[in-house]
Amino acid sequence: MTARSYQILLAAWIVFGLVIFIILLFVSAPYGRHTRKGWGPKIPNRLGWIFMELPSLLVFTWFFLSARGKPEPVSWIFFILWVAHYTHRSLLFPFMTKTRGKKMPLLIVLFAVFFNMVNGYFNGSYFSVFGPHYTTEWLTAPRFISGTIIFIAGAWINISSDQKLLRLRRISDGEYRIPGGGLFKYVSCPNFFGEIVQWTGFAVLTWSPAALAFALWTFFNLVPRALDHHRWYRKKFTDYPEERKAVIPGVL
Ligand SMILES: NC(=O)c1ccc[n+]([C@@H]2O[C@H](COP(=O)([O-])OP(=O)(O)OC[C@H]3O[C@@H](n4cnc5c(N)ncnc54)[C@H](OP(=O)(O)O)[C@@H]3O)[C@@H](O)[C@H]2O)c1
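Residues numbered from 1 in each chain as written. Predicted model: local features only at pLDDT ≥ 70, side-chain atom pairs only at ≥ 80, totals over all residues. Heavy atoms only, no water.

In the vicinity of the ligand lie 26 residues, with Arg33, Lys102, Asp162, Tyr176 and Arg225 positioned nearest. Note that an oxygen atom of the ligand is positioned 2.5 Å from one of the side-chain N or O atoms of Asp162. In the model, an oxygen atom of the ligand is placed 3.1 Å from a nitrogen or oxygen of the Asn221 side chain. Protein chains shield 95% of the accessible area of the ligand, which is 880 Å² for the free molecule. Considering only residue class, the shell around the ligand consists of 10 nonpolar, 7 polar and 9 charged. Taken together, domain 1 (28–135) and domain 2 (141–252) each give at least three residues to the shell around the ligand, which thus spans both. (Near = heavy atom within 4 Å. Polar contact = N/O pair within 3.5 Å; in protein donor to acceptor, adjacent residues only side chain to side chain. Areas by Shrake-Rupley, 256 points an atom, 1.4 Å probe, with all protein chains shown as cover. Nonpolar A, V, L, I, M, F, W, Y, C, P; charged D, E, K, R; others polar. Domains from an automatic or database assignment.)

For the rest of this paragraph, the subject is the nonpolar core. Judged by nonpolar contacts, the single largest core of 48 residues is most densely connected at Tyr6, Trp13, Phe78, Phe122, Phe127, Trp199 and Phe202. Those elements giving two or more residues to this core turn out to be α1 (3–26), α2 (45–65), α3 (73–96), α4 (106–130), α5 (142–170), α6 (190–206) and α7 (209–236). When residues of this core are assigned to their parent elements, the largest contribution, 11 residues, is made by α4. Ignoring anything within four residues of it in the chain, the contact list for Trp199 reads Trp82, His85, Tyr86, Phe151, Ala211, Phe214, Ala215 and Thr218. Formed by 13 residues, the second largest nonpolar core is a distinct cluster that contains Phe21, Ile157, Ile196 and Leu222. (Core = buried A, V, L, I, M, F, W, Y, C linked by side-chain atoms within 4.5 Å. Buried < 20%, exposed > 50% of the residue type's maximum accessible area, 1.4 Å probe, protein only. Helix = DSSP H or I, 4+ residues; strand = E, 2+ residues; numbered from the N terminus. Contact = heavy atoms within 4.5 Å.)

Another point: the packing of α4 against α7. Put simply, α4 and α7 touch, their axes get as near as 8 Å, and they point 155 degrees apart. Comparing the axis directions of α4 and α7 gives the class roughly antiparallel. Residues Phe111, Phe115, Asn119, Phe122, Asn123 and Tyr126 of α4 pack against Pro209, Ala210, Ala211, Phe214, Trp217 and Asn221 of α7. (Axes fitted to C-alpha atoms, helices over the stretch in contact; angles between N-to-C directions. Parallel < 35°, antiparallel > 145°, perpendicular 65-115°, else oblique.)

Locating Asn191 in the fold gives a position in helix α6. Beyond its immediate sequence surroundings of up to four residues, Asn191 is in contact with Asn158, Ser161, Asp162 and Leu165.

With that settled, consider the domain arrangement of the protein chain. Entries for the protein chain in the domain assignment read domain 1 (28–135) and domain 2 (141–252). Measuring from the centre of the C-alpha atoms in domain 1 to the corresponding centre in domain 2 gives 18 Å. For the pair domain 1 and domain 2, the summed buried area comes to about 2600 Å², and 63% of that belongs to carbon and sulfur atoms. Together, Arg33, Leu81 and Lys98 form the three largest contributors to the area buried by domain 1 at its contact with domain 2, with a combined 26%. Inspection of the region where domain 1 meets domain 2 yields 2 salt bridges. Where Asp162 meets Arg89, a salt bridge forms, and the shortest distance between an N and an O atom there is 3.8 Å. Summed over the shared surface of domain 1 and domain 2, the result is 10 residue pairs in polar contact (both at pLDDT 80 or more). (Buried area = accessible area lost by both parts, 1.4 Å probe. Salt bridge = Lys/Arg side-chain N within 4 Å of Asp/Glu carboxyl O.)

The next subject is unusual backbone geometry. Even without glycine at this site, Asp173 takes up a positive phi of about 55 degrees. If you trace the backbone, Asp173 turns up in the loop between α5 and α6. On the basis of relative accessibility, which here comes to 72%, the residue Asp173 falls in the exposed class. A positive phi angle is found at Trp207, which is not glycine, with a value near 50 degrees. By the secondary structure assignment, Trp207 is in the loop between α6 and α7.

Below, the structure is given as structure tokens:
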């Protein structure tokens, strides 16, 4: 593929993400608490998570390694951040959920596989073929340093908030409860907020249009889901904290 075709496809991918965002504002993605009938065959939750997220790890790695020469040392830092996140998401997180007996639609899984393959391709091939030569000066640039701090802060918020939810599930006999502690004081879905912050940090530290597209897609996917969760909490729990926002502290 030429650099020009890559850029055109990436722009089209972002526009497609915007269309999905608008659809998700009206139709809640039917998994987790929003699972419902009418979305075709279902598969066990845990299997679904592994199957959905693994392509991101594999496809990214494949394209990253199919480099024009050897990947440059700085790119290996991007590689490690990506692989650490997706090893956790595809191979550890699914085994931490208490999800026995729950299922998700195969359609959702297939769409996520498609998303993760395309996203893995755009990012992996950017660092190996279409991106700039990341020299070691990159490591002292303000965007690398600030982006890395944002990435780590986002990952910490994401993982620690997910852990709070999983702990709540363990002590609540499989039921949903009002989460608390940490950023739950301010928003219903700090795990989604953390994920958005994390990939925004990745876009800043790599200064790459492919990572920007990923950060935008994360926003497009997770903001509507957070709004759905937030509405669901308010409907289910009459004592749900009034001042809590959905996903961005103090804003939304
Ligand atoms: N980058 C992206 O585009 C993207 C897209 C989707 C997800 N993700 C990430 O994947 C992770 C999981 O996403 P998700 O949509 O499954 O998150 P979620 O709806 O917040 O659920 C996370 C886990 O906690 C359980 N849980 C949630 N709220 C609970 C409550 N009030 N009481 C007890 N248990 C509760 C859920 O059980 P149930 O499954 O039974 O509800 C699930 O096992 C998050 O870190 C998210 O950021 C990223």
